[in-house]
Amino acid sequence: MSSRTPYDELHYPGKFYPQAAPSRIATAATLFGVRAPPLATSRILELGCGEGGHLVPIAAAYPHSSCLGIDSAASAIERARDYAERAGVSHCEFRAEDVRSFPEDAGQFDYILVHGVYSWVPEAAQEAILSICARHLKPEGLAYLSYNAYPGGHVRQILRDLTVFHTKDIADPHEKVREARQVCEFIVGAMPPNTLERQLFGRLLGAYNDSDALIRYDLLAEENEPVYFLDFMEGARALGLQFVAESGFAARERPRLPEPVQRWLEAIPDRLVREQYLDFIGCSGFRQSILCRSNRPLEAHPSPATLAQVYLRSSLVPAAQDHLTDESEVKFRDAFGRELTCSEPVPKLLYAQLGAAFPAALPYRQVRERIEARQGFDGPLDALTEGKLVSLLLQSEDSGALEMYAQPPSFPLEIAAQPRVNAVARLQAERGEALTVRGASGLLAADSTLRTLMGLLDGSRDSVRLLRDWQRALGVSAAPHPDALERALRLLAGQGLLAD
Ligand SMILES: C[S@@+](CC[C@H](N)C(=O)[O-])C[C@H]1O[C@@H](n2cnc3c(N)ncnc32)[C@H](O)[C@@H]1O
């Protein structure tokens, strides 16, 4: 059992991070030519798991997996165990343990997740984290580590210096956080309007808006040492690990950079050096890197061949079915009411196909073949058109217009006569968190109307009672329209939030 740590002092709220989910890691790795271990039966380790906000939804998504979370803060581990128990998840073990004393005989894991820990621990713990990844990753396993990075870290460091300096004589942690927030707001507010520094620091400060814990454990953290990507990778490489991709691969693959800059980057032979320059160009302050063993072959970019291994999903549907193959503008709308207009045939045919199959995901191969058929291609798409399709898919993934899966989640789509939300979704809705969707691959931000309905979906009400009780709970004079109930239930079912 570990002794009391700074994280036992102030509650650090846990939540699910889609970018750190095995499903996301598997998709990114697959696109870069690295086969990912099967998610459904995987062995997953999370280091610095806090109160289980991330690991419990993952365990719930994969009932045949086996999950282990460790954290040195005993109070966080107690909350994690309680969360797992209330979510009905019994294959997720939590241990109050320091990464520096991780047992040698813990075995090997398919996925090792380390989110928001690496830069916030001393060097000895950083070394322990990397060597756990090296020793305990299965030969085909994937590790994910996020960390504060330079050069963007330099900007954050100014706020950190200010708050540490300003609060150095305050002992009470709550007062320290309060004062830190106030001094940041005061100093940023004192910067002349319309200046670069005001814009820069104002945006940075926005990240701390709702979270005292973030101020305490980021700005005021005892340890918070950003690292250059190349330096991080030097440590990983020395232990036999290599860089696969960033979890947010799509934004980095097709950065909105001028053509000459893209060509300049492409001419750099060393992929890691190219990544480092990209960090300078984007002033990156945070990285989410996926690693695997150094002996595995991989590709520098997603290609038609690696895309052939993934599934695509989108709820965008066209306003009309005609004009999909000519150059006219067609408006698309998704299940969340977001709109998009396209005129080129390839994106129109892509979204129309996916929208018709939604909520199911379609294999890329099938999508491409149907585009070929509709476009009247005699044989496969030419290289230029296929290259454009790859770019389109990456851009669409980056903008949220479509989702990609190496291993698409499966869940029941039928809506029971007396529907019930799954346990994790219910607990997340109660805690006011965004909801973990579809095999722990993303999040759904439910509004208060939907949350209110979710509170009633306990398997005891049919649609008549749901309409009546929903009206009462909302405190409105007229009952919601049955179509609204139907739409809400279909939304929840399509996101995998209803229980079997
Ligand atoms: C910033 S929090 C992140 C928690 C969680 N991963 C998240 O992102 O919500 C860092 C976590 O690392 C844990 N931690 C710090 N040093 C540790 C160590 N040496 N061994 C194990 N856990 C540690 C802390 O207790 C804390 O829960």
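The numbering scheme is per chain: residues are counted from 1 as the chain's sequence reads. For this predicted model, a pLDDT threshold of at least 70 governs which residues receive local features, and a threshold of 80 or more governs which side-chain atom pairs are given and counted, while totals over whole chains, interfaces and linings are taken from all residues.

Draft legend 1. Looking closely at the overall build of the chain. Helix and strand counts for the chain come out as 20 helices and 15 strands. On C-alpha atoms alone, the chain measures out to a radius of gyration of 24 Å, which is about the 23 Å that the 2.2 N^0.38 rule sets for 500 residues. Here the C-alpha coordinates of the chain stretch approximately 70 × 65 × 60 Å along the principal axes. When each of the 500 residues of the chain is scored for burial, the buried share is 39%. Of all intrachain contacts in the chain linking residues separated by at least 6 positions in sequence, the fraction that spans at least 24 positions is 73%. A helix here means a DSSP run of H or I that spans at least four residues, while a strand means a run of E at least two residues long, and both kinds are numbered starting from the N terminus. Between the two quantities, the radius of gyration covers C-alpha atoms and the globule rule is 2.2 Å times the number of residues to the power 0.38. Counting other C-beta atoms within 10 Å of its own, a residue is labelled buried from 20 upward, exposed at 12 or fewer, and partly exposed in the gap between, with every C-beta atom placed from the backbone. C-beta atoms are first placed from the backbone for all residues, and any pair lying within 7 Å is then listed as a contact.

Draft legend 2. Representation of the sheet that holds strand β1 (residues 43-47) in the model. The pairing criterion for strands is at least two bridges between them, as found by DSSP. If you trace the 7 strands from one edge of the open sheet to the other, you get β3-β2-β1-β4-β5-β7-β6, paired in mixed fashion. Looking along the sheet, the strands with just one partner apiece sit at the ends: β3 (92-96) and β6 (241-246). If you compare each strand with its neighbour and ignore which way they point, the axes differ by 20 degrees on average. Here β1 runs beside strand β2 (residues 66-71); their pairing, made up of 5 bridges, is parallel. Along β2, the bridge assignment pairs L45 with L68. Between N-to-C directions, angles span 0 to 180 degrees; the directions come from axes that are lines fitted to C-alpha atoms, helices contributing only their stretch in contact.

Draft legend 3. Local environment of the site of the ligand. Placing the C-beta atom from the backbone, one calls a residue near a molecule or strand if that atom lies within 6 Å of it. In the vicinity of the ligand there are 23 residues, among which Y7, G48, G50, A73 and G116 approach most closely. Just so you know the grouping, Ala, Val, Leu, Ile, Met, Phe, Trp, Tyr, Cys and Pro go in nonpolar, Asp, Glu, Lys and Arg go in charged, and all remaining residues, Gly too, go in polar. Across the shell around the ligand, the residue classes break down as 12 nonpolar, 8 polar and 3 charged.

Draft legend 4. Region of interest: the packing of helix α9 (residues 229-238) against helix α12 (residues 271-282). Contact pair α9 / α12: the axes reach a minimum separation of 9 Å and the direction vectors enclose 145 degrees. Facing F229, L230 and M233 of α9, the residues of α12 in contact are L272, E275, Q276 and D279. By residue class, the composition of the contact of α9 with α12 is 4 nonpolar, 1 polar and 2 charged.

Draft legend 5. Highlighting helix α3 (residues 74-86). For a helix, the expected span equals 1.5 Å multiplied by the residue count minus one. Taking 1.5 Å of rise per residue, 13 residues should cover 18 Å, and α3 covers 19 Å from first to last C-alpha, within 8% of that figure. Turning to α3, its buried residues are A76, I77, A80, Y83 and A84. Viewed end-on, α3 has its buried residues packed into an arc of 120 degrees, placing them on one side of the element. Against α2 (55-61), β2 and β3 lie the buried residues of α3. Of the residues trailing α3, G88 is marked for its positive phi of about 70 degrees. To obtain the arc, one takes the directions from the helix axis to the C-beta atoms.

Draft legend 6. Region of the structure containing helix α8 (residues 212-219). Among all positions of α8, only I215, R216, Y217, D218 and L219 are buried. Considering only its buried residues, α8 is in contact with α5 (152-166) and α6 (173-190).

Draft legend 7. Structural context of the pairing of β2. Of all 6 residues in β2, 5 are buried, a share of seventy percent or more. For the handedness criterion, the strands are oriented away from the viewer, and a crossover whose path from the first strand over the helix to the second runs clockwise is classed as right-handed. Note on the crossover from β1 through α2 to β2: the handedness is right-handed. Pairing between β2 and β3: 5 bridges, direction parallel. Residue pairing in the sheet places D71 in a bridge with A96 of β3. For the handedness criterion, the β-α-β arrangement of β2, α3 and β3 is classed as right-handed.

Draft legend 8. Main features of the packing of α5 against α6. At their nearest, the axes of α5 and α6 sit 9 Å apart, and the two run at 125 degrees to each other. When the axes of α5 and α6 are compared, the pair comes out oblique. Crossing hand, α5 versus α6: right-handed. When α5 is examined against α6, the residues L159, L162, T163 and H166 are found in contact with a partner set consisting of E179, A180, V183, C184 and I187. Taken together, the residues of the contact of α5 with α6 break down into 6 nonpolar, 2 polar and 1 charged. Here roughly perpendicular refers to angles of 65 to 115 degrees, roughly parallel to angles under 35, roughly antiparallel to angles over 145, and oblique to all remaining angles. Should the near helix be turned counterclockwise from the far one by less than a right angle, the crossing is left-handed, whereas a clockwise turn marks it as right-handed.

Draft legend 9. Spatial organisation of the sheet that holds strand β10 (residues 330-333). Spatial ordering of the open sheet is given by β9-β10-β11, a layout of 3 strands whose pairing is antiparallel. Two strands bound the open sheet, and with one partner strand each, they are β9 (317-318) and β11 (339-342).

Draft legend 10. Inspection of the pairing of β6 at higher detail. Across the 6 residues that make up β6, a large majority, 5, are buried. Relative to strand β7 (residues 286-293), β6 runs antiparallel, the two sharing 5 bridges. Considered in β7, the bridge of E246 is made with S289.

Draft legend 11. Seen up close, the environment of R333. With respect to the helices and strands, R333 occurs in strand β10. Take R333: there are 15 C-beta atoms within 10 Å of it, and that puts it in the partly exposed class. Once the C-alpha coordinates of R333 and S410 are considered, the two residues, 77 residues apart in sequence, prove to be 24 Å apart. Those residues within four positions of R333 in sequence are excluded, and the remaining contacts are L316, V317 and E339.

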